[in-house]
Amino acid sequence: MMHNSERKNMLSVIVPVYNNARFLHDCLESLVSQTYPFLEIILVNDGSTDESGNICNIYAEKHPDKIIVIHKKNSGVSDTRNRAIDIANGKFIGFVDSDDWCDINMFEIMVNTAMEHNADLVSCSLCREKEDASPYYTPKSVSSVPEIIKCGKKDLLLAEIAGRGDVRGYSCNKLFRRELLGDLRFDTSISCCEDLKFCVEYAIKCSVSIHICNSLYHYRISSSSCTHNYDYKWYAHQMGLLKPYEFILPIFEEYAPNYVWKVQYELLKLNLNLLGRSKFCNSTSTKPEVHDISRLKSNISKIYPIIMKSNRISSLSKVNIFITRLAPSLTLIIKQHAMKFLMRN
């Protein structure tokens, strides 16, 4: 039985689970081994058809004081996380993807940092790992002592979330205050990059945010992300990536006008990438809709001159954008081959 003083600083860790039996043990072992003692782990099985549900039950039986399991019909990751938020008891809430894992002291460091600095949001750097858990990319900081960056300005926080640095628009490397979260939930209408909108909406509520430069979270990159069957169903899903960026653009215009260019830059790269991928959907049955291609070209025409005139974008980045616009499909092929090479070596 947990005392009231312990509940006061309880942390709820939410894990959406869907057909990840292969990696689920690694994830759950890292969570039940956490050094932070006041922890509840909420596993939500989103209609898995493999052994994931059984694995969740086994861990719940072994750790009944820590683990809550919910089984439900498949409804997507956003609804799955929302179900868990609704029942979470913690003062703080964290999210972990079921194919990733955490350093065992990750949440102790993050909760203690939040309390020490009275922070509304705490993030940490993450390592990108290959499927076999060997490093794909690790940020510079490897110090055993947490390195802290404190931010009290909303515009700077939003800029970091929208950018390609260590903070980013992920939910999995962040700690949120349940009270400040309020009624905010993941948007179930967004099929891709749903974290970005959620993090931006939360960020505008924050007064103080902290980033821990140490890599405490391990993000596993699936080898299947390097290759795709370019059918229209897949392509339509990828088109959904535009929605969260288009949503956060007016938020940046209001709260971070000096960093609107960051969202525009990401949107331009995304539109160019999707235009390049459209060339691979070349059969009649899988060909993207004409209005999709027209939308991409229209977006590029609007944003391209803004980015090319911006003094915030490096000359090298502008050259990359210029070449990608000239040959989006060829650029995509080169990048994919480079990624496959890195995954193999």
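Sequence order as written defines the numbering, with residues in each chain counted from 1. It should be noted that, the model being predicted, local features are given only for residues of pLDDT at least 70 and side-chain atom pairs only at 80 or more, the latter also being counted only at that level, while totals for whole chains, interfaces and linings use all residues. Hydrogens are left out, water is left out, and the side-chain values use all remaining heavy atoms of the structure.

Chemist: Please provide a residue-by-residue account of the environment of W101, values included.
Modeler: Looking at where W101 falls in the secondary structure, it is placed in strand β5 (residues 101-102). In sequence terms W101 and C27 are 74 residues apart; their C-alpha atoms lie 4.5 Å from each other. Helix and strand labels come from DSSP, where a helix needs a run of H or I of at least four residues and a strand needs a run of E of at least two; each type is numbered from the N terminus.

Chemist: I'd love a proper account of unusual backbone geometry, names of residues and values included.
Modeler: Non-glycine residue N19 carries a positive phi angle of around 50°. Tracing the backbone through its elements, the reader meets N19 in the loop between β1 (11-17) and α2 (21-32). Even without glycine at this site, N118 takes up a positive phi of about 50°. Here N118 shows up in the loop between α5 (106-117) and β6 (121-129).

Chemist: With reference to specific residues and values, describe the packing of helix α10 (residues 242-255) against helix α11 (residues 260-278).
Modeler: Any two packed helices are characterised by the angle at which their axes cross and by the distance between the axes. In contact at an axis separation of 9 Å, α10 and α11 are set at 160° when each is read in the N-to-C sense. One element, α10, and the other, α11, form an angle in the roughly antiparallel class. Considering only the axes of α10 and α11, their crossing is left-handed. Across the interface between the two elements, L242, Y245, E246, I248, L249, F252 and E253 from α10 touch V260, V263, Q264, E266, L267, L270, N271 and L274 from α11. By the convention adopted, Pro, Cys, Tyr, Trp, Phe, Met, Ile, Leu, Val and Ala count as nonpolar, Lys, Arg, Asp and Glu as charged, and the other residues, Gly among them, as polar. A class-by-class count of the residues in the contact of α10 with α11 yields ten nonpolar, two polar and three charged. Helix axes are fitted only over the stretch in contact, all axes being lines through C-alpha atoms; the angle between N-to-C directions runs from 0 to 180 degrees. Our angle categories are set so that under 35 degrees counts as roughly parallel, over 145 as roughly antiparallel, 65 to 115 as roughly perpendicular, and the remainder as oblique. By definition, any crossing whose near helix is turned counterclockwise from its far helix by less than a right angle is left-handed, and any crossing with a clockwise turn is right-handed. Here a residue-residue contact requires only that any non-hydrogen atoms of the pair lie within 4.5 Å.

Chemist: Can you lay out the packing of aromatic side chains for me, pointing to particular residues and giving the numbers?
Modeler: Any pair of Phe, Tyr and Trp rings, taking the six-membered ring for Trp, is counted once the centres come within 6.5 Å. Such a pair is stacked with planes under 30 degrees apart, edge-to-face with planes over 60 apart, and tilted for the rest. One pass over the structure, following the stated rule, counts eight aromatic pairs. Look at F95 and F176: their rings are 5.7 Å apart centre to centre, the planes differ by 70°, and that puts the pair in the edge-to-face class. Separated by 81 residues along the polypeptide, F95 in strand β4 (residues 92-95) and F176 in strand β9 (residues 174-177) bring together distant segments of the chain. In this structure, F95 and F176 share a single accessibility class: buried. We call a residue buried when its accessible area falls under 20% of the maximum for its residue type, exposed when it is over 50%, and partly exposed in between, using a 1.4 Å probe and counting protein chains only.

Chemist: I'd like a description of helix α8 (residues 194-203), backed by residues and values.
Modeler: Taken across its ten residues, α8 has ten buried, putting it largely inside the fold. Regarding α8, the residues found buried are E194, D195, L196, K197, F198, C199, V200, E201, Y202 and A203.

Chemist: Tell me what's going on with the nonpolar core, and back it up with residues and numbers.
Modeler: Here the nonpolar core consists of buried residues drawn from Ala, Val, Leu, Ile, Met, Phe, Trp, Tyr and Cys, with membership extended through side-chain atoms lying within 4.5 Å. Core analysis: the largest hydrophobic core is formed by 57 residues, its most contacted members being F95, I161, V200, F252, V263 and L268. Looking at this core, the elements with two or more residues in it are β2 (39-46), α4 (77-87), β4, α6 (154-162), α8, α10, α11 and α12 (290-309). Residue contributions to this core peak at ten residues, all from α11. For L268, the contacting residues outside a window of four places in its chain are I300, I303, Y304, I307 and I321. Residues L43, Y59, I67 and V111 belong to the second largest nonpolar core, which totals 40 residues.

Chemist: Any chance you could break down the state of the cysteines for me, citing the residues and the numbers?
Modeler: Two cysteine sulfurs form a disulfide in these notes if their separation is within 2.5 Å. Within the structure shown, the criterion is met by zero disulfides. Looking at C172, it has no disulfide partner, and the nearest cysteine sulfur is the one in C124, 8.1 Å off. Taking the relative accessible area as the measure of exposure, C172 reaches 3% and is therefore buried. Sulfur of C192: no disulfide; nearest cysteine sulfur belongs to C193 and is 7.8 Å away. Taking the relative accessible area as the measure of exposure, C192 reaches 6% and is therefore buried.

Chemist: Got a sec to walk through the pattern of salt bridges? Specific residues and values, please.
Modeler: Note on definitions: salt bridges are taken to be side-chain nitrogens of Lys or Arg within 4 Å of carboxyl oxygens of Asp or Glu. In the structure shown here, the tally under the stated rule is 13 salt bridges. Residue D46 is joined to K72 by a salt bridge in which the shortest nitrogen-to-oxygen separation is 2.5 Å. Here K72 lies in strand β3 (residues 67-72) and D46 lies in strand β2, a separation of 26 residues in the sequence. The pair D46 / K72 is uniform in exposure class, with both members buried. Linking D86 and R185 is a salt bridge whose minimum nitrogen-to-oxygen distance equals 3.0 Å. Of the two residues, D86 is situated in helix α4 and R185 in the loop between α7 (178-181) and α8; the sequence distance between them amounts to 99 residues. Using a relative accessible area of 21% as the deciding quantity, one classes R185 as partly exposed. Among the charged side chains, a salt-bridge network with shared partners connects D46, K72, D79 and R83.

Chemist: Hey, could you go over helix α13 (residues 315-326) for me, with residue numbers and the actual values?
Modeler: A helix is expected to span 1.5 Å for every residue after the first. Between its terminal C-alpha atoms α13 stretches 17 Å, which fits the 16 Å expected from twelve residues at 1.5 Å a residue. Within the sequence span of α13, burial applies to K318, I321 and T324. Here the buried residues of α13 occupy an arc of 125° about the axis, which is enough to place them on one side. Residues of α13 that are exposed and point more than 90 degrees away from the buried face comprise S315, L316 and L326. Along the arc lie the directions from the helix axis toward the C-beta atoms.

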